[in-house]
Amino acid sequence: MDQDSQKRSVAEAALAIVEPRLERDTVLGIGTGSTANLFIDGLAELAHLFDGAVASSEASAERLRQHQIPVYDLNAVNRIELYIDGADECNEALQLIKGGGAALTREKIVAAVAQEFICIADESKWVPVLGDFPLPVEAIPMARSHVARELVKLGGDPVLREGVITDNGNCILDVHNFPIAEPLATEARINAIVGVVCNGLFAARPADQLLLGTAQGVQTFRRPASSLD
Ligand code: 5RP
C-alpha cells in the first residue's frame with residue numbers, strides 16, 4: 001500500500017471510530033494537512049449526525065464549510081469530544097511532532113481542549129526517536145533572531161520557513177539536526193524561550209490513540225497505561 005492509500009485507510013478507520021460516537025450536540029476538533037483533509041472529506045457524509053467542528057487552521061475551516069459542516073470559534077464551545085489530526089512524526093509513547101503545515105499552535109490548543117485525541121498517520125511517520133523531522137517552532141516575528149540563537153544553544157539548527165506566516169501572524173523556525181531524547185523536557189524548555197508562541201512537540205499532550213497506516217493495513221496503538229493521567 002503506498003503512502004496515499006495508507007493516509008486514506010487511516011482516515012476511513014477514524015471515520016469508523018467516530019461515527020458511532022456522534023450525537024446531535026457533538027463538536028469535533030479537526031486538524032490540518034493531507035491526512036486530515038481525507039478525514040474531512042469523509043466526514044461530509046456524516047454532517048447530519050453532529051453539531052459542528054472547531055478547526056485547527058483557516059484551511060481546514062474552509063474545507064469543512066465547503067462540506068456544509070458548521071465551524072465554531074473555540075471560545076463558543078464548551079466541549080470538544082474528539083480531535084482528529086495527522087502528524088509529522090510519532091513514537092511509541094504516542095508523542096508527536098506536528099506543524100509541518102504551520103498549524104501547530106492551534107492544533108495544540110484544540111488538542112488540549114479535546115476529551116480524546118486520535119492521530120491518523122501513514123507509517124513513514126513512525127520513528128524510534130523524535131527529531132528526524134525538523135521541529136517547527138512558532139515565534140513572534142520581532143523575536144525571531146533571539147529565538148533562533150536560543151535554539152542553537154539547545155543544540156539545534158533553526159531555519160526560518162521562508163514565505164510562511166501562520167494563521168496567528170507569526171513565523172516558523174524549523175529546527176534541524178535535533179534528536180529529541182526527552183520530549184517532555186524539550187517541549188517545556190523551548191516553550192520557555194521568550195518570543196516562542198508554541199513548539200510542535202506534542203509530549204505533554206500526546207495522542208490517546210494512533211491509527212497508523214501500514215502496508216499490512218491499519219494498526220491501532222493506544223497511549224501506554226503508564227502515561228495516562
Ligand atoms: C500540520 C500538521 C499535520 O498534521 C502534519 O504536517 C501531517 O500532515 P500530512 O497529513 O499532510 O502528512 O501538523 O501543521
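Everything below is about the structure printed above this text.
Presented here is an overview of the structure given in this document.

What counts and how
Residue numbers here run from 1 along each chain, matching the order of that chain's written sequence. Where totals are concerned, whole chains, interfaces and linings use all residues; where local detail is concerned, this predicted model gives features only for residues with pLDDT of at least 70, and gives and counts side-chain atom pairs only at 80 or more. Water and hydrogen atoms were dropped before computing side-chain values, which therefore reflect all heavy atoms in the structure. It suffices for a single heavy atom of a residue to lie within 4 Å of a molecule or strand for the residue to be listed as near it. In protein, a polar contact means a hydrogen-donor-capable atom and an acceptor-capable atom, both N or O and within 3.5 Å, with residues adjacent in sequence counting only if both atoms are side-chain atoms; elsewhere, any N or O pair within 3.5 Å suffices. What sets the accessible areas is the Shrake-Rupley method with a 1.4 Å probe; for residues, cover comes only from the shown protein chains. In the scheme used here, Gly and all other residues not listed as nonpolar or charged are polar, with Ala, Val, Leu, Ile, Met, Phe, Trp, Tyr, Cys and Pro taken as nonpolar and Asp, Glu, Lys and Arg as charged. Exposure categories follow from relative accessible area, calculated using a 1.4 Å probe and restricted to protein chains: below 20% of the type maximum is buried, above 50% is exposed, and the middle band is partly exposed. For the purposes of this entry, the term helix denotes a DSSP run of H or I that reaches at least four residues, the term strand denotes a run of E that reaches at least two, and both are numbered from the N terminus. In this description, the arc belongs to the directions extending from the helix axis to the C-beta atoms. In this description, contact between two residues means that some pair of their heavy atoms is separated by no more than 4.5 Å. Any two strands are treated as partners once DSSP identifies two or more bridges connecting them. The definition of a nonpolar core used throughout is a set of buried Ala, Val, Leu, Ile, Met, Phe, Trp, Tyr and Cys residues joined through side-chain atoms within 4.5 Å.

Around the ligand lies a shell of 17 residues, among which Ser-34, Thr-35, Asp-88, Gly-99 and Lys-125 are the nearest. At a separation of 3.0 Å, an oxygen atom of the ligand approaches a polar side-chain atom of Lys-98. Backbone polar atom of Gly-101 to an oxygen atom of the ligand: 3.1 Å apart, as the coordinates give it. Here the ligand, which alone exposes 380 Å², has 91% of that area covered by the protein. Class assignment of the residues belonging to the shell around the ligand gives a composition of 3 nonpolar, 8 polar and 6 charged.

Right, let's get into helix H3 (residues 58–66). Taken residue by residue, H3 has Ser-60, Ala-61 and Leu-64 as its buried positions. Buried positions in H3, seen along its axis, are confined to an arc of 105° and lie on one side of it. Across H3 from its buried face, at more than 90 degrees, point the exposed residues Ala-59 and Gln-66. On its buried face, H3 is in contact with strand S1 (27–30), helix H2 (34–43) and strand S2 (52–55).

Now for the sheet that holds strand S11 (residues 201–202). Within the open sheet, the 3 strands sit side by side as S4-S5-S11. Their pairing is antiparallel. At either margin of the open sheet sits one strand with a lone partner, and together these are strand S4 (89–90) and S11. Sheet topology note: the S4/strand S5 (residues 96–97) ladder contains 2 bridges and is antiparallel. Across the sheet, residue Cys-90 finds its bridge partner in S5, namely Leu-96.

Right, let's get into the nonpolar core. Among the nonpolar cores identified, the biggest contains 23 residues, and Leu-28, Ile-30, Phe-39, Leu-43, Leu-64, Ile-84 and Ile-120 are the most heavily contacted of them. Contributions of two or more residues to this core are made by helix H1 (3–18), S1, H2, S2, H3, strand S3 (80–85) and strand S6 (114–122). With 5 residues, H1 is the largest single contributor of residues to this core. Once residues within four sequence positions are removed from consideration, Phe-39 is found in contact with Ala-11, Ala-14, Leu-15, Val-18, Ile-30, Ile-84 and Ile-120.

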